[in-house]
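# Examination of the molecular architecture
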Amino acid sequence: MTGRLMTYDPITKQVTVLLRDLGLANGVAVSKDGSFVLVGEFIAARIQRYWLTGPKAMTLELFLNPPGKPDNIRRNARGEFWMVAKAGAVVPLVIRVSEELRPDFAGGGL
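Overview of the structure. (Residues numbered from 1 in each chain as written. Predicted model: local features only at pLDDT ≥ 70, side-chain atom pairs only at ≥ 80, totals over all residues. Heavy atoms only, no water.)

### Comments concerning the nonpolar core
Core analysis: the biggest nonpolar cluster contains 13 residues, and Leu38, Ile47, Ile73, Phe81 and Met83 have the highest contact counts within it. At the level of secondary structure, the elements contributing two or more residues to this core comprise β4 (36–41), β5 (46–51), β6 (60–64), β8 (81–86) and β9 (93–97). Tallying contributions element by element places β8 first for this core, with 3 residues. Setting aside residues no more than four positions away along its own chain, Ile47 makes contact with Leu38, Val39, Gly40, Leu62, Phe63, Leu64, Pro66, Pro70, Ile73 and Met83. With 6 residues, the next largest nonpolar core counts Leu5, Leu22, Val37 and Val39 among its residues. (Core = buried A, V, L, I, M, F, W, Y, C linked by side-chain atoms within 4.5 Å. Buried < 20%, exposed > 50% of the residue type's maximum accessible area, 1.4 Å probe, protein only. Helix = DSSP H or I, 4+ residues; strand = E, 2+ residues; numbered from the N terminus. Contact = heavy atoms within 4.5 Å.)

Here is the structure:
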């Protein structure tokens, strides 16, 4: 696994690697309050949460094991995360997840 999550400081022009060895990270979304970032890993078939602030800052935890391989993540104005999970040759599954980790498997195509 060779994927990385990095941050860039435009003032210092420095890049900092936050996470290494991610399994094809193809989705990143920041929480509404900026306290964490979600990272989807296609090969590892998981969504991880990396805490940016607070008592868990700079720690990583499993956020969700979707029923398939996650493919992109987006946050809406309400703070919900939307993602697609690909499970073989079937129609992609659309998943809505709140910050409190309440998944809603909407199902169906896009």
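Structure's up, so let's keep going.
### A look at the side chain of Asn76
Among the secondary structure elements, Asn76 is positioned in the loop between β7 (69–75) and β8. For Asn76, a relative accessible area of 19% gives the class buried. Only 2.9 Å separates the side chain of Asn76 from the side chain of Glu80, close enough to count as a polar contact. (Polar contact = N/O pair within 3.5 Å; in protein donor to acceptor, adjacent residues only side chain to side chain.)

### Some remarks on a nonpolar patch on the surface
A surface patch of nonpolar side chains, amounting to about 300 Å² of accessible area, comprises Met6, Tyr8 and Val15. Secondary-structure assignment places Met6 in strand β1 (residues 3–9). A relative accessible area of 42% means that Met6 is categorised as partly exposed. (Patch = residues over 30% accessible without salt bridge, like charges linked within 9 Å, V, L, I, M, F, W, Y side chains within 5 Å. Areas by Shrake-Rupley, 256 points an atom, 1.4 Å probe, with all protein chains shown as cover. Salt bridge = Lys/Arg side-chain N within 4 Å of Asp/Glu carboxyl O.)

### Some remarks on the packing of aromatic side chains
Tallied over the entire structure, the rule returns 4 aromatic pairs. On the basis of an interplanar angle of 65° and a centroid distance of 5.2 Å, the ring pair of Phe36 and Trp51 is categorised as edge-to-face. With a gap of 15 residues between them, Phe36 in strand β4 and Trp51 in strand β5 connect regions that are remote in the sequence. With respect to burial, Phe36 and Trp51 carry one shared label: buried. With a centroid separation of 6.4 Å and an interplanar angle of 75°, the aromatic rings of Phe63 and Phe81 are classed as edge-to-face. With Phe63 in strand β6 and Phe81 in strand β8, this pair connects stretches of sequence that are 18 residues apart. Taking the relative accessible area as the measure of exposure, Phe81 reaches 0% and is therefore buried. One aromatic cluster is present, built from ring pairs that chain together Phe36, Trp51, Phe63 and Phe81. The residue whose ring lies beneath Arg49 is Phe36, and the NZ or CZ to ring-centre distance is 4.7 Å. The ring of Phe42 has Lys69 lying over it, and the distance from NZ or CZ to the ring centre is 5.7 Å. (Phe/Tyr/Trp six-rings, centres within 6.5 Å; stacked < 30°, edge-to-face > 60°. Lys NZ or Arg CZ within 6 Å of the ring centre and 35° of its normal.)

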